[in-house]
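Spelled out, the chains give:
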Amino acid sequence: MKLSYKWLNEYIDLSDITPYELADKMTTAGLEVEGVEPMAQGTNLVIGEVLECVDHPDSDHLHVTQTRVGDEVLQIVCGAPNCRKGLKVIVALNGAELPGGKITTKPVRGQESNGMLCSLMELGVDKHWLSEVQLSGIEELPEDAPVGERNVFAYLGLDDTILDVSLTPNRADCNAMWNMAKEVGAILHKEVHWPDYEGKSHVGEPTNFKVVLETEKCPTFYGKVVNHVKVGPTPKWMVNYLHAAGINSINNVVDISNFVMLETGQPLHYYDYSKLPKGDITVVDDREMKMVALDGEEFEIQKGDILITTGGEATGIAGIMGGEESMIDENTKGIFIEAANFDAVSIRKTSLRLNLITEAAQHFTKGVEPLAMQKAMDRSVQLLKEYAEADGFEETIIVGKKDYEPKVVKETLSHCNELLGTNFSMDQVTDVLSALDFKPEVNGEEITCHIPSYRTDIERSADIDEEVIRLIGFDSLETTLPLMSATVGQLSPIQRLRRKTREIMCSFNLHEIITYTLVNDAYIENALLPLGKAVALAMPMSEARKYVRTSLMNSVLECAQYNEAHQSSNNHFYEISKVYAEGDEEERLAILLDGKLQDDPLHKQTLIADFYTLKGMIISFLEKCGYQEGRVHINPNSKDTEHFHPYRSAEVWLDKTCLGVFGEIHPEYAKKFDLNHVLYAELSLDGLLASKASKVRFKPLERYPSVSRDIAFVVKKEVSAKEILDAIHKAGSKMIQSTEIFDIYEGEHVEEGYKSVALRIIYQASDHTLTDNEIQESHNAVLKNLESKVKAQLRS
Amino acid sequence: MIEKITQVQEEALSEIEKADNVESLQQLRITYLGKKGKIQELMSLMRDLSKEEKPAFGQKVNICKDEVTKALEAKQEVLSKGALSSKLEKEKIDITLAGNKMTLGTIHPLILIQQEIEDLFVGMGYKVAEGPEVEKDYYNFELANIPHDHPARDMQDTFYINPETLLRTHTTAIQMRELEKAHGELPIKLICPGKVYRRDDDDATHSHQFTQCEGLVVGEHITLADLKGTLKYMADVMFGEGRQVRFRPSYFPFTEPSVEVDVSCPFCNGKGCNVCKGSGWIEILGAGMVHPRVLEMNGFDSRKCSGFAFGVGLERVAMLKYGIDDIRNFYINDVRFLETFNRFD
């Protein structure tokens, strides 16, 4: 809200407080002032008269003037095209400080110039208020302007400062000047005087005018016929106040309607009475049509929009803008005043759809207080009489709901202090409430407040408490901690799992990323193990952000793509995030490896991430989380071979649950992200939590020595490591402590289609030292099994 | 004859003294102590001595042998020490070369801050609550005292999925779920961090997705002063010890009174600097006493209990704390950005 300091001063004596001090106090009390702007700026100004104006001898556009400023005549060079003899002008004297800089006496192309003739723009007046003429030259003052007058801004009505107040939605009442004055009065502990408006509309003859409400969206309508008005110029002070609020002046009658709206918060509409020949107004909301509003634009009216009609024809978009047809102009002789209440939601919808965000619509949308219609009608009559020679009044027509029950809210001193944690006295509290015009009545502990009609935000005791602390000041609060029974604070299982996961991923040298939840069509179509049907936004802001993602893969690949494009070739990421589908959600872990995981040529330690790197990470991640290798199964990928390399990817199973898929991204798919050879895994953390982690159990340390035996053999290439290890373990010896393949070789000296395998078996018993015989017996069984189960040809 | 012994001994000791490597010392050992060595030779001279002379001579030779052996061992020790140190010297490396790269991964800065806040509140007996990001209008707005057509819905332009479902615009939705779940049981002490979404165009200071952490306490005799005290600790955790907090009146539909919370600027300690734009304070939190209607809608007797709630945007905290100038950095995940957070703070 744009608040005029000068206008406010009409209601409260502000002589001892500057606009800047006022802004600070208002901000502290919750009415945040975002800017303080003088309407015009400049020192050392005076009103002058151009006595003589001749062309500058050395310029095609400059003039040399002799300008009288009081008793003195100064030579001033001026470049404005409208500079001429006899003009009354604003003169900035030597030493004047203007927004554009300081004015000093100096020659202009050889001609002495002792100041500057000013335009209003040069004095910092908002361009918005200036006409073409004013923008293109110096300001032309009226002929009767007092030459020598030094208080130029007061003469022009520009001696004002505008406070830009950001109101919270609960304080829409302060959009009305009168209510704002009450609020400022409470902040400053000063008396507030509203104009003597009450009862001024209780005049007039009986009326035949008919108002009918055919929609619930207009609960109340105040109307009044004024048979005679004189349309003419608006008093200067009113124009200035309208300007301060950001409203253009049109004529006295229209300006009064806007001025009263600014005072009371009630949007008004004045119709040219002669354009309502049927003497009726009906409010409807069931029309579909086109109509031209008073800005000359045509609007498409839909069912649901509230319309004002007369004789069956539309004559205004209710609460937003009147029709062109019934507009007030210089020929208007009589008017009909409308002060009505329209449904805020409906007004907001219509004004947004028509892109017609008028001052009236904004007032309705933010809410109008219940007594505003009466106040606005009274004030309209008062000002129309005073400034538009209004006469021939008919009685006020009131249709719809009229009752207003003043609100009474009770609070006790102890409850107030208890909620705030303060120790205020009854006097402190009632002082604040009196300043707010809440008329507090004290009965022992209890305070009964009578809430003014415009404070629609005050409904219960907590609202009273807020007013008390807000106006006494929050600095009076101490800092304490809640006193209450002890509670256990701890993280939940999933929260702990996330923390463990991060710790482990950090130790693998991966960076955590957070990517956007909302994704495009392609990401949904190409989701990895999508959780289900994607949740779609009703009204997305862009094609890129249409769905809630069902998998993390594409967002993570996009991140790798970005970093590759920014000259980072080794990118290793993890992300922990929920994915969503209709009626479902799941917490997932994504891992992406791209490039070298270790890159240290100096010490010859380079680890290029491949399938086995990722597999190793997953196995040790699961092991660290309490799921030992025996419970984890890596199976061929049957879930998604579209996005994965069909022969270099696998499923991860924990007990009987598939946690997800990992492996090399399909080269064709990687190409879409300008990547190649990128490894990716996406696992369900919820799935992990659903299985119980194994407990840590200490096993007594082995006391007897172990014996290792190496075996080398050749098998067909397609025989898997798992088949070989199964063959060994199925030999059944309890003495086999561990088996490890330490070499695989294909190529020279090995027959085509075969591979050479070398492995080491560790034999050990927990209760005695193994004898050669025992080991040999067991080892022979192993060898036999290798030969029979995987057709191993032993090498010696 | 006796002189002969003395002569051999002196000669041996002198040569041992001169020996400068293990090999020549070994040669001297053979020369003097070997089976055919000079001392053995002396022993063989005994044959020619009388019975009376023999014991004295033998004794002398033994003394000589002991002396030489001792000298050899002493010298041996000296020489082998020297050999080791010269061997070590040959093993000299350039300690100024870079060490092996032992880099560790990182945790996202938003999570770092979230974890710090979690740890503070868990330590004070709070639980960490969570809820769905695809949320019901009922929890996001209705229960939070923001009915349909409430002007505050404009403040949070919402991604709707259908009229009943939306992407949560604040983690207040989690608070409402927890209040409802409590069925009027007191006390409630929780914080609720999480992702939230609003219809904003992404730019340096706006993001359609961001992270909030809210807190909620409901119990008997909970006061606004308790809120101030609690937030003071939170400010210390976020920005370092010694912060002060200041309340300014504000408006949120789910709290009454509502406040904006300023924290004394951690960069200038309140003197005024670029970060706080000269004011000495940075605006960081929204908070207030839980609106009695919110308590009642969730089945609590607002005359018998009270509560406070607060909320903070983690991006804003991280941006202030680490001097990050563009909110998009958190979601672009440039490796250079992420690597900034590779150490404890």
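The structure displayed is predicted, hence computed values, not measured ones. (Residues numbered from 1 in each chain as written. Chains lettered and ligands numbered in written order. Predicted model: local features only at pLDDT ≥ 70, side-chain atom pairs only at ≥ 80, totals over all residues. Heavy atoms only, no water.)

Chemist: An account of the overall build of chain A is needed here, citing residue identities and associated values.
Modeler: Looking only at helices and strands, one finds 21 helices and 43 strands in chain A. Computed over its C-alpha atoms, the radius of gyration of chain A comes to 43 Å, more than 25% above the 28 Å expected for a compact globule of 796 residues. Dimensions along the principal axes, computed over C-alpha positions, put chain A at roughly 130 × 80 × 60 Å. Counting every position in chain A, which comprises 796 residues, the buried fraction comes to 52%. Within chain A, contacts between residues separated by at least 24 positions form 68% of all contacts whose residues are at least 6 apart in sequence. Here chain A displays about 37,700 Å² of accessible surface, and carbon together with sulfur accounts for 48% of that area. Charged side chains in chain A number 80 positive and 125 negative. The centres of these two groups are separated by 9 Å. (Helix = DSSP H or I, 4+ residues; strand = E, 2+ residues; numbered from the N terminus. Rg over C-alpha atoms; globule rule 2.2 N^0.38 Å. Buried < 20%, exposed > 50% of the residue type's maximum accessible area, 1.4 Å probe, protein only. Contact = heavy atoms within 4.5 Å. Areas by Shrake-Rupley, 256 points an atom, 1.4 Å probe, with all protein chains shown as cover. Lys, Arg positive; Asp, Glu negative; His and termini not counted. Charge placed at Lys NZ, Arg CZ, Asp CG, Glu CD.)

Chemist: Describe the overall build of chain B, with residues and values.
Modeler: Of regular secondary structure, chain B possesses 13 helices and 10 strands. In summary, chain B has a C-alpha radius of gyration of 43 Å against a globular reference of 20 Å for 345 residues, an excess of more than 25%. Along the three orthogonal principal directions, the C-alpha set of chain B runs to about 135 × 45 × 45 Å. Across the 345 residues in chain B, those meeting the buried criterion constitute 52%. Carbon and sulfur atoms form 52% of the exposed surface of chain B, whose accessible area is close to 16,700 Å². One way to put it: in chain B the 43 positive side-chain charges average out to a point 8 Å from where the 54 negative ones average out.

Chemist: Lay out the sheet that holds strand 5 (residues 72-78) of chain A with the relevant residues and their values.
Modeler: Residues and elements named next belong to chain A. Read from one edge to the other, the open sheet built from 5 strands follows the order 5-4-3-6-11, with strand pairing classed as antiparallel. Either end of the sheet is taken by a strand with one partner, and the two such strands are strand 5 and strand 11 (116-117). In this sheet, strand 11 lies alongside strand 6 (residues 88-92) in antiparallel orientation, the contact comprising 2 bridges. Opposite Val-91, over in strand 11, you have Leu-117 as the bridge partner. (Pairing = 2+ DSSP bridges.)

Chemist: So what's going on with the domain arrangement of chain B? Which residues, and what values?
Modeler: Here chain B is partitioned into domain 1 (2-90) and domain 2 (109-339). For domain 1 of chain B and domain 2 of chain B, the distance between their C-alpha centres works out to 90 Å. (Domains from an automatic or database assignment.)

Chemist: Go over the interface of chain B and chain A, please, and point to the residues and values.
Modeler: The interface of chain B with chain A comprises 86 residues on the first partner and 81 residues on the second. Carbon and sulfur atoms supply 57% of the area buried between chain B and chain A, which totals about 7,100 Å² over both sides. Looking at the side of chain B facing chain A, the largest losses of area belong to Glu-130, Pro-249 and Glu-256 of chain B, adding up to 8% of the total buried there. The interface formed by chain B and chain A contains 5 salt bridges. The residue Arg-499 of chain A makes a salt bridge to Asp-119 of chain B at a minimum N-O spacing of 2.8 Å. Linking chain B with chain A are 39 residue pairs in polar contact (both at pLDDT 80 or more), by the criterion used here. With 7 residues, the top contributor of residues to the side of chain B that touches chain A is helix 9 (residues 224-239) of chain B. Looking at the side of chain B that touches chain A, its residues break down into 39 nonpolar, 22 polar and 25 charged. (Buried area = accessible area lost by both parts, 1.4 Å probe. Salt bridge = Lys/Arg side-chain N within 4 Å of Asp/Glu carboxyl O. Polar contact = N/O pair within 3.5 Å; in protein donor to acceptor, adjacent residues only side chain to side chain. Nonpolar A, V, L, I, M, F, W, Y, C, P; charged D, E, K, R; others polar.)

Chemist: How would you explain the packing of aromatic side chains if you had to name every residue and give the values?
Modeler: Enumeration over the complete set of coordinates arrives at 27 aromatic pairs over all chains. Ring centres 6.2 Å apart and planes at 40° place the aromatic pair Phe-209 of chain A and Tyr-273 of chain A in the tilted group. Highlighted residues: Phe-209 of chain A in the loop between helix 5 (177-188) and strand 13 (210-213) and Tyr-273 of chain A in the loop between strand 15 (269-272) and strand 16 (280-284), separated in sequence by 64 residues. A relative accessible area of 6% means that Phe-209 of chain A is categorised as buried. Looking at Tyr-273 of chain A, the relative accessible area reads 23%, which means it is partly exposed. Ring centres 6.0 Å apart and planes at 70° place the aromatic pair Phe-474 of chain A and Phe-247 of chain B in the edge-to-face group. (Phe/Tyr/Trp six-rings, centres within 6.5 Å; stacked < 30°, edge-to-face > 60°.)

Chemist: Tell me about the sheet that holds strand 10 (residues 306-313) of chain B, and please be specific about residues and values.
Modeler: Residue and element names in this part refer to chain B. Strand order across the open sheet formed by 7 strands is 1-5-6-10-9-8-7, with mixed pairing between neighbours. The open sheet has two edge strands with one neighbour each: strand 1 (127-128) and strand 7 (245-252). Both strand 8 (residues 255-264) and strand 9 (residues 281-290) contribute to a ladder of 8 bridges, which runs antiparallel. Counted as the bridge partner of Val-261 is Leu-285 from strand 9.

Chemist: Requested: an account of unusual backbone geometry, with residues and values cited.
Modeler: Residue and element names in this part refer to chain B. In the segment running from Leu-186 into Pro-187, the intervening peptide bond is cis, with an omega of -10°. Considering the arrangement of structural elements, one finds Pro-187 in the loop between helix 8 (172-181) and strand 5 (188-197). The peptide bond linking Glu-256 to Pro-257 adopts the cis configuration, its omega dihedral lying at -5°. Its identity is not glycine, yet His-221 carries a phi of approximately 60°, on the positive side. Looking at the element boundaries, His-221 is found in the loop between strand 6 (209-219) and helix 9. Of the residues examined, His-221 reaches a relative accessible area of 51% and is grouped as exposed. Unlike most non-glycine residues, Lys-277 shows phi in positive territory, near 50°. Given a relative accessible area of 74%, Lys-277 falls into the exposed group.

Chemist: Provide a residue-level description of the pattern of salt bridges, including the pertinent values.
Modeler: All names here are of chain A. Counted by the stated rule, this structure contains 55 salt bridges over all chains. For Arg-470, the salt bridge goes to Glu-183, with nearest N and O atoms at 2.7 Å. Separated by 287 residues along the polypeptide, Arg-470 in helix 13 (residues 461-472) and Glu-183 in helix 5 bring together distant segments of the chain. For the pair Arg-470 and Glu-183, one class covers both residues: buried. The partner of Lys-533 in a salt bridge is Glu-582, with the nearest N and O atoms 3.5 Å apart. One end of the pair, Lys-533, is in the loop between helix 15 (521-525) and strand 30 (535-536); the other, Glu-582, is in the loop between strand 32 (571-581) and strand 33 (584-594), with 49 residues separating them in the sequence. Judged by relative accessible area, which is 60%, Lys-533 ranks as exposed. Among the ionic contacts, a cluster of salt bridges with common partners joins Arg-171, Asp-173, Glu-183, Arg-455, Asp-457, Glu-467 and Arg-470.

Chemist: So what's going on with the side chain of Thr-430 of chain A? Residues and values would help.
Modeler: For Thr-430 of chain A, the position within the fold is in helix 12 (residues 426-435). If sequence neighbours within four positions are ignored, Thr-430 of chain A has contacts with Pro-440 and Val-442 of chain A.

Chemist: Describe the environment of Tyr-126 of chain B, listing the residues and the values that go with them.
Modeler: On the secondary structure map, Tyr-126 of chain B appears in the loop between helix 5 (109-123) and strand 1. Using a relative accessible area of 2% as the deciding quantity, one classes Tyr-126 of chain B as buried. C-alpha of Tyr-126 of chain B to C-alpha of Val-263 of chain B: the two residues are 137 residues apart in sequence and 22 Å apart in space. Apart from the residues within four sequence positions on either side, Tyr-126 of chain B is in contact with Gly-489 and Gln-490 of chain A together with Phe-121, Lys-189, Leu-190, Ile-191, Leu-216, Val-217, Thr-230 and Phe-308 of chain B.

Chemist: If you had to explain the environment of Asn-554 of chain A to someone new, which residues and values would you point to?
Modeler: Residues and elements named next belong to chain A. Here Asn-554 lies in helix 16 (residues 553-565). Classification of Asn-554 by relative accessible area gives buried; the value is 2%. The spacing of Asn-554 and Pro-636 is 82 residues in sequence and 22 Å in space, taken between C-alpha atoms. With residues near it in sequence (within four places) discarded, Asn-554 still touches Tyr-523, Asn-526, Ala-527, Tyr-669 and Phe-673. A polar contact is formed between the side chain of Asn-554 and the backbone oxygen of Tyr-523, at a distance of 3.2 Å.

Chemist: So what's going on with the state of the cysteines? Which residues, and what values?
Modeler: Scanning all chains against the criterion turns up 0 disulfides over all chains. The structure places no disulfide on Cys-268 of chain B, whose sulfur is separated from the nearest cysteine sulfur, that of Cys-265 of chain B, by 3.6 Å. (Disulfide = S-S within 2.5 Å.)

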